[in-house]
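# Structure assessment
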Amino acid sequence: MNTKNKERVALIVNADDAVGEAVAMRLAASGAQIALTGADARQLDRVASQLAEKGVEVIAVKTGAAEPEEIHESVVRVMARFGRIDILVQNERALAAKPLQEISGADVDAALGAGLAGPFHYLREIVPGMRKSGFGRVVNISDIRYLGLAQTANVAAARSGLFGLTRALALESARDGVTVNTVVMGDIDSDTVTDADREQLVAGVPVKRLGMPADVANAVGFLAADSSKYLTGQTLFVCGGKSAYFSMSI
């Protein structure tokens, strides 16, 4: 299947971690022009510099996770540079999970802000323009905790909310050439995973290895392609088979 995005403009939200970087590189390799947002300006500039060295048209904008004004301004800057946004990829913001008795009101606000309100504001800013133009690809990256794992109540609430938002928006936008899908990550390897944790995590993954950022990026690239026009409202698990243990993995 053709996964080219020649001359498309892709905005990757929270592009300041390994998964966001991998997604940016994957979409750039398919021919897209790239806009990056996130909270870590140094990391964004590093990724932007790597892309620019490859001849990719790129802009990086430091943006708060759930600040409507900052999100609006970042979209304005991207539109001023490229004139449109064809692909929106919302990489998940890392959220600290806690058992119920340890969750404060501030924890709930933080999880719902970064994990649900932030993505909502980007969608509200960008999707109407996609619908007007008759083309759009939205990919929201989530993680397996949306299923409601024990001791993750604050994160599960935010992730499951994004799941519902994705499906509702897919139905609203389907007639306008805009697809809206979710990529759900399983256990992804990173520099912060210790050897002991890695061994424990691998034991619970059917393929017996952790995922890599590139695995997530390849799934995003598939859903973001022009050719994926008949896929919307769907959830694609990138988890090495782990979701098969859950009867509600839809």
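A few points on the structure.

Reading the values: rules and limits
- Residues numbered from 1 in each chain as written.
- Predicted model: local features only at pLDDT ≥ 70, side-chain atom pairs only at ≥ 80, totals over all residues.
- Heavy atoms only, no water.
- Phe/Tyr/Trp six-rings, centres within 6.5 Å; stacked < 30°, edge-to-face > 60°.
- Lys NZ or Arg CZ within 6 Å of the ring centre and 35° of its normal.
- Pairing = 2+ DSSP bridges.
- Helix = DSSP H or I, 4+ residues; strand = E, 2+ residues; numbered from the N terminus.
- Axes fitted to C-alpha atoms, helices over the stretch in contact; angles between N-to-C directions.
- Core = buried A, V, L, I, M, F, W, Y, C linked by side-chain atoms within 4.5 Å.
- Buried < 20%, exposed > 50% of the residue type's maximum accessible area, 1.4 Å probe, protein only.
- Contact = heavy atoms within 4.5 Å.
- Salt bridge = Lys/Arg side-chain N within 4 Å of Asp/Glu carboxyl O.
- Right-handed = clockwise from strand over helix to strand, strands pointing away.
- Expected span 1.5 Å × (residues − 1).
- Parallel < 35°, antiparallel > 145°, perpendicular 65-115°, else oblique.
- Left-handed = near helix turned anticlockwise from the far one by under 90°.
- Nonpolar A, V, L, I, M, F, W, Y, C, P; charged D, E, K, R; others polar.

## Some words on the packing of aromatic side chains
What the rule picks out here adds up to two aromatic pairs. Cation over ring: R8 sits above F135, and NZ or CZ is 3.6 Å from the ring centre.

## So, the sheet that holds strand β1 (residues 9-13)
As summarised here, the arrangement of the seven strands in space is β3-β2-β1-β4-β5-β6-β7, forming an open sheet in which the pairing is parallel. This sheet does not close on itself; its edge strands, each paired only once, are β3 (58-62) and β7 (235-238). Here the average twist between neighbouring strands, direction ignored, is 15 degrees. Two elements, β1 and strand β2 (residues 33-38), share five bridges in a ladder whose sense is parallel. When the sheet's bridge partners are listed, L11 is paired in β2 with A35.

## What about the nonpolar core?
If you look at the biggest cluster of nonpolar residues, it comprises 33 residues, and the most contacted ones within it are I12, L27, I34, L36 and L51. Beyond its immediate sequence surroundings of up to four residues, I34 is in contact with A10, I12, A24, L27, A28, L51, V56, E57, V58, I59 and F82. Ranked by size, the runner-up nonpolar core spans 22 residues in total, among them I59, V127, V138 and V180.

## Observations concerning the pattern of salt bridges
Summed over all chains, the structure comprises 13 salt bridges. The shortest N-O distance in the salt bridge between D107 and K98 comes to 2.9 Å. Here K98 falls in the partly exposed class, since its relative accessible area comes to 26%. Each member of the salt-bridge network shares a partner with another, and the members are E92, D143, R145 and R159.

## Points about unusual backbone geometry
Phi is positive for Q151, close to 65 degrees, though the residue is something other than glycine. With respect to the helices, strands and loops of the structure, Q151 is situated in the loop between β5 (136-143) and α5 (153-173). By relative accessible area, Q151 is classed as exposed at 57%. Residues other than glycine seldom take positive phi values, yet K208 does so here, at roughly 60 degrees. Looking at the element boundaries, K208 is found in the loop between α6 (195-203) and α7 (213-224).

## With respect to the pairing of β2
A regular strand places its side chains on the two faces of the sheet in alternate fashion. Of all six residues that make up β2, five are buried, and the element is covered over most of its length. Taken together, β1, helix α1 (residues 18-29) and β2 constitute a β-α-β crossover, and its handedness is right-handed. Note that β2 and β3 share five bridges and pair parallel. Note that in β3 the partner of A35 across the bridge is I59.

## Structural notes on α7
For an α-helix the count is 3.6 residues per turn, leaving residues at separations of three or four pointing the same way. Its twelve residues give α7 an end-to-end C-alpha distance of 16 Å, which sits within 8% of 16 Å, the value for a rise of 1.5 Å per residue. Listed in full, the buried residues belonging to α7 are P213, V216, A217, A219, V220, G221, L223 and A224. In this structure, the buried side of α7 is in contact with α1, β4 (87-90), β5, β6 (178-185) and β7.

## Here we look at the environment of S49
With respect to the helices, strands and loops of the structure, S49 is situated in helix α2 (residues 41-53). When the C-alpha positions of S49 and I59 are compared, they lie 9.6 Å apart, and in sequence the two are ten residues distant.

## Some thoughts on the packing of helix α4 (residues 105-133) against α5
Angle between the axes and distance between the axes: these two values describe a pair of packed helices. Interaxial distance between α4 and α5 falls to 8 Å at its minimum, and their mutual angle equals 15 degrees. One way to sum up the angle between α4 and α5 is to call them roughly parallel. In this structure, α4 crosses over α5, and the sense of that crossing is right-handed. When α4 is examined against α5, the residues D107, A111, L112, G115, L116, P119, F120, L123, V127 and R131 are found in contact with a partner set consisting of N154, A157, A158, R159, G161, L162, L165, L169, E172 and S173. Classifying every residue of the contact of α4 with α5 by side-chain character gives twelve nonpolar, four polar and four charged.

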